[in-house]
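# Remarks on the overall topology
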Amino acid sequence: MTADRQTDPVPPPPVREPEGAHEELEFLTPQEEPVRFAVRYGDDARAPGRPQLRTRPATLGAGWPVTQFRLPLSAQADPHAYTRLEREVSAAVTLERRYGGEKFVELFTRVVGFDLDCAEPFVLYRRAAGAPLTDCLPRLGADEQQRIVGQLALAVRLLDELGLVHRALAPDTVRWDGSHVRLSEPYAALRAGEAREPFGTAPWASPEQRAGRGAADARDDLWSLARLAYLLLSGHPGPPGRADRADGPPEDLGQYRRLAALAQSGLFAATAAARPAPAELLRLLRLPDPLAHSVGTADPLAAGRARYDAELARRAATPPPGHDDLPDLSGPAPQRRGLRALFFGDPPDGPAAGGRGATDAGTLGPPSPPGRMCPHCLLPVTYDENLLVTIDAKGNRIPLDLSAEHRPGHRQDLLRTAYHLCPHTGEGDEAHELPVPYLTHGEPLSIAFVGSSAVGKTHLMAAMLGEVELGGLEPYGLKCLPLNPEAHRTYLRERVQSLQQGRQLGRTGQQTFARFADGLLVSAPGRTARPVVFFDLAGEDLAQDGPVTSFLMGVDAFVFVVDPLRALRTPALDPVRARYGLPRRDLGDEAFTTVLNRLPRAADGYVAAPAALAVNKSDLVRFDPAVDRWLGRALPARYDAAAERAESRDAYAFLDHHASSAWLRPFDDCARCTLHFVAATGGQARGDRFPHGARPRRVLAPLLSVFAACGLLRGRE
């Protein structure tokens, strides 16, 4: 046991101060304000704990010492390296914004600024004072030991309040300057509730964290605190002369009277669930909790969340004419009677909907009489083998004669790639056709992406279908096949692969006739496979009441795409707006207005087609707490209706606070409309490329919402 006297910590090794000529360094402050400083750099070195980053001391301006961590070009081949740096910056900015004005902020290494869009992304921190606990240990007195344990408990409590788990508390990452503990940069931090990633070593990291098992929990950091307390008060990391598996309390824990309270609290338990909460630990240590009675900062989104709740309650309490009640807006949309129902009647319920079609996406059955509505011209099409064609590489339509083909396997394979001419092409009309599976499977579902030019509709659709191609829908019990193999391969090659290779996609050109961009056959076990087609039209076409967009009358669902650069009043976006020449619009999106004004309304005044409102390019505002809460975490492995409603509530409140009410018109006009934070590319383009590649975030969320509303996705509750 060490002596009960306070001593000065071992001084840190001298840092070689930067020399040489000044350079200019531009970056964003934690409040995302752009600043520029003259800078001098010191020697470059590998960053401890972050082998892919480089670190060096730097001096800003006349003498502000900072430390830079950057991702060099040589390490950017690893797609996860950028994500880890971005996650670190997010945690550091969250801490600074919340606690920057509090005295206890000194418990953390404070962020100065960052630039995640430059060629070598970096983050700057204030130069850390003090020395690692490993260097201080022989000189610490009993009073200092107690203060270190208490301050660590407070730091974990502060992290927990923000939903952060540090995950890197160890003797070489926690510093002591004689009065304050200082945690290292949050380079390993996760959001509480995210899947644990294996990190750390015994005995400092908890057993669950080392194994990457379960979900990250603030109590993971309490295990680290317990082992640090054991080190401080016993003088050694584990029982001397004995193997320490670090999967429970040290064998000699009972020998240290000063550790009795921690031992009895369950702090050394092998599982996070058996440890006390950080706030409870402060009470056990008889330490004040500065958050217990503090008046938190006013929540700017509270009013918007209340308006969202009130609107849902009002709709639920006001059934449409002719109905006894209105279903919960977070559940499936009411059956829509549109043009398809007028032509063919309402589809029957249950797995056999669509007639004698296939029961899975791999089998083509006979067509379901009387036919399907053409999604282009909105006229009925009945399957007729005399109208079958194939399309060659030059676009020529070649008649397909199956009269002599009696082999079921060959016939099925030919139909899989064939097209069916629409019989309603008149003189002067553009000839068009449908993939045969569109007519021979279950009830089709058409989805249109709506938004002005350059809002990111094309990128969002490509990112979405790229995730589908990677199996992103399989956790939800859905299987996908191409509606037409050749057309799907072309779309993947020209759109999805180009985006995945970091190339910016060209704008969608205006059309004289609307055609869907791609199509899928989507099925769940035991249910009829359904064709799903995706429309992506130029914003200029969508903003006009022309014949090109007459197909919208038959569209089954909509994805309205919001561009933050046009919608949000946030001053931090002004430099980006200026760079791209995009003015902010308080009147909302012209395409939203034109399309919504055109769509038929039910008796209650709402558009019956379900909709999703996607706040695209959310990476531009990723450090806003409401955005970071969702964009910073992956979609749940199973469809979660409660989480969808919570995200919709936050996104509604976010737009309600930062944009004019016109941007919420899809929610106001549609009977069922969910809201989502998404990012199709994850960064800004430089020239025609995304410097750090395309990094889609949560792009499947709007699609899952539409699928749930249209009956493709079950098990919502």
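What you are looking at is a predicted structure, and each value in this text was computed from that prediction instead of being measured.

### Overview of the overall build of the protein
- Looking only at helices and strands, one finds 21 helices and 25 strands in the protein.
- Per-residue burial for the protein yields a buried fraction of 55% across its 717 residues.
- Sequence-distant contacts in the protein: of pairs separated by 6 or more residues, those separated by 24 or more amount to 70%.
- Split by element, the accessible area of the protein, about 30500 Å² in all, is 53% carbon and sulfur.

### Quick notes on the pattern of salt bridges
- Following the criterion strictly, the structure yields 45 salt bridges and no others.
- For R157, the salt bridge goes to D289, with nearest N and O atoms at 2.8 Å. A residue pair is termed long-range when its members are at least 10 positions apart, and R157 in helix 3 (residues 142–161) and D289 in the loop between helix 7 (278–284) and helix 8 (302–317) qualify at 132 residues. With respect to class, R157 is no different from D289; both count as buried.
- Across the pair D563 and R566 runs a salt bridge, and its minimum N-O distance is 2.7 Å.
- D563 gets classed as buried once you look at its relative accessible area, which sits at 0%.
- It is possible to trace a salt-bridge network through shared partners that takes in E96, E106, R110, D177 and R182.

### A closer look at the sheet that holds strand 11 (residues 181–182)
- In spatial order, the strands read 8-10-11; together these three strands make up an open sheet with antiparallel pairing. The open sheet is flanked by strand 8 (131–132) and strand 11, the only strands paired with a single partner.
- Note that strand 10 (residues 175–176) and strand 11 share two bridges and pair antiparallel. Paired with W176 across the strands is V181, a residue of strand 11.

### Structural notes on the sheet that holds strand 16 (residues 397–399)
- Spatial ordering of the open sheet is given by 16-15-17-18, a layout of four strands whose pairing is antiparallel. Of all strands in the sheet, those with a lone pairing partner are strand 16 and strand 18 (433–435), marking the two edges. Taking each pair of neighbouring strands and ignoring which way they run, the sheet shows an average axis angle of 45°.
- Relative to strand 16, strand 15 (residues 388–391) runs antiparallel, the two being bridged by three bridges. Looking across to strand 16, one finds that I391 is bridged to R397.

### A few points about empty space enclosed by the protein
- Scanning the entire structure with this criterion turns up six cavities of 30 Å³ or more.
- Considered as a void within the structure, the largest cavity measures approximately 120 Å³ in volume.
- Along its surface, the largest cavity is lined by 14 residues, and L635, P636, Y639, D640 and E644 are the ones closest to its centre.
- Breaking the lining of the largest cavity down by element, the ones donating at least two residues are helix 19 (641–658) and helix 21 (700–709).
- The element best represented in the lining of the largest cavity is helix 19, accounting for three residues.
- Per-class residue counts for the lining of the largest cavity are eight nonpolar, one polar and five charged.

### Some details on the confidence of the model for the protein
- Scored by pLDDT, the protein has a mean of 88; 88% of the residues are at 70 or more.
- Of the regions scoring below 50 in pLDDT, residues 341–359 engages in 45 contacts with residues more than four places distant in sequence or in other chains.
- In the predicted structure, residues 365–369 sits below a pLDDT of 50 and forms 16 contacts with residues beyond four places in sequence or in another chain.

### Topic: the side chain of T440
- Looking at the element boundaries, T440 is found in helix 11 (residues 436–440).
- A distance of 3.4 Å separates polar atoms of two side chains, one belonging to T440 and the other to H441.

### Some remarks on the nonpolar core
- Formed by 66 residues in total, the largest nonpolar core has its most connected members in L552, F558, F560, L568, L613, L655 and L675.
- By size, the runner-up hydrophobic cluster in this structure holds 49 residues, among which are L225, L233, L281 and L282.

### Re the packing of aromatic side chains
- Applying the stated rule across the entire model yields 17 aromatic pairs.
- Ring plane angle 75° and centroid distance 5.9 Å describe the contact between F37 and W64, whose orientation is recorded as edge-to-face. Linking F37 in strand 2 (residues 34–41) with W64 in strand 5 (residues 64–70), this pair joins segments that are 27 residues apart in sequence.
- Residue class for F37 comes out partly exposed when judged on its relative accessible area of 26%.
- Taken together through their ring pairs, the aromatic side chains of F558, F560, F592 and W663 make up a single cluster.
- A cation over an aromatic ring shows up here: R50 above the ring of F69, its NZ or CZ 3.9 Å from the ring centre.
- The lysine or arginine in question, R315, covers the ring of F667, its NZ or CZ lying 4.7 Å from the ring centre.

### A closer look at unusual backbone geometry
- For the peptide bond that leads from A202 to P203, omega is 5°, which places it in the cis range.
- By secondary structure assignment, the location of P203 is in the loop between strand 12 (190–191) and helix 4 (207–211).
- A positive phi angle, close to 55°, is found at R698, a residue other than glycine.
- Position of R698 relative to the elements: it lies in the loop between strand 25 (673–677) and helix 21.
- The exposure class assigned to R698 is buried, which follows from its relative accessible area of 10%.

### A word on the pairing of strand 23 (residues 557–562)
- With six of six residues buried, strand 23 is to be regarded as a mostly interior element.
- Strand direction decides the pairing type here: strand 19 (residues 445–450) and strand 23, joined by four bridges, are parallel. When the bridges of strand 23 are listed, I447 appears paired with A557.

### Focus: the side chain of S90
- By the element assignment, S90 lies in helix 1 (residues 79–99).
- A relative accessible area of 9% means that S90 is categorised as buried.
- A polar atom in the side chain of S90 sits 2.9 Å from the side chain of D628.
- The contacts of S90, once residues within four sequence positions are left out, are R191, F623 and D628.

### Examining the pairing of strand 19
- The buried fraction of strand 19 amounts to six of the six residues, a majority that puts the element mostly inside the structure.
- Burial of the side chains of strand 19 extends over both faces: L445, I447 and F449 are buried on one face and S446, A448 and V450 on the other.
- The pairing of strand 19 with strand 22 (residues 530–536) spans five bridges and is parallel. Across the sheet, the residue bridging to A448 is F535, located in strand 22.

### A word on the environment of G61
- Looking at where G61 falls in the secondary structure, it is placed in the loop between strand 4 (50–60) and strand 5.
- For the pair G61 and E24, spaced 37 residues apart in the sequence, the C-alpha separation amounts to 9.5 Å.
- Among all residues touching G61, those that are not within four sequence positions of it are H22, F37 and A38.

So, how was this worked out
Residues numbered from 1 in each chain as written. Predicted model: local features only at pLDDT ≥ 70, side-chain atom pairs only at ≥ 80, totals over all residues. Heavy atoms only, no water. Helix = DSSP H or I, 4+ residues; strand = E, 2+ residues; numbered from the N terminus. Buried < 20%, exposed > 50% of the residue type's maximum accessible area, 1.4 Å probe, protein only. Contact = heavy atoms within 4.5 Å. Areas by Shrake-Rupley, 256 points an atom, 1.4 Å probe, with all protein chains shown as cover. Salt bridge = Lys/Arg side-chain N within 4 Å of Asp/Glu carboxyl O. Pairing = 2+ DSSP bridges. Axes fitted to C-alpha atoms, helices over the stretch in contact; angles between N-to-C directions. 1 Å grid on protein atoms, 1.4 Å probe; cavity = no way out; pocket = protein on both sides within 12 Å on 5 of 7 lines; lining within 4 Å. Points joined across faces, edges and corners; volume = space filled by probe spheres on them. Nonpolar A, V, L, I, M, F, W, Y, C, P; charged D, E, K, R; others polar. pLDDT = per-residue confidence, 0-100. Polar contact = N/O pair within 3.5 Å; in protein donor to acceptor, adjacent residues only side chain to side chain. Core = buried A, V, L, I, M, F, W, Y, C linked by side-chain atoms within 4.5 Å. Phe/Tyr/Trp six-rings, centres within 6.5 Å; stacked < 30°, edge-to-face > 60°. Lys NZ or Arg CZ within 6 Å of the ring centre and 35° of its normal.

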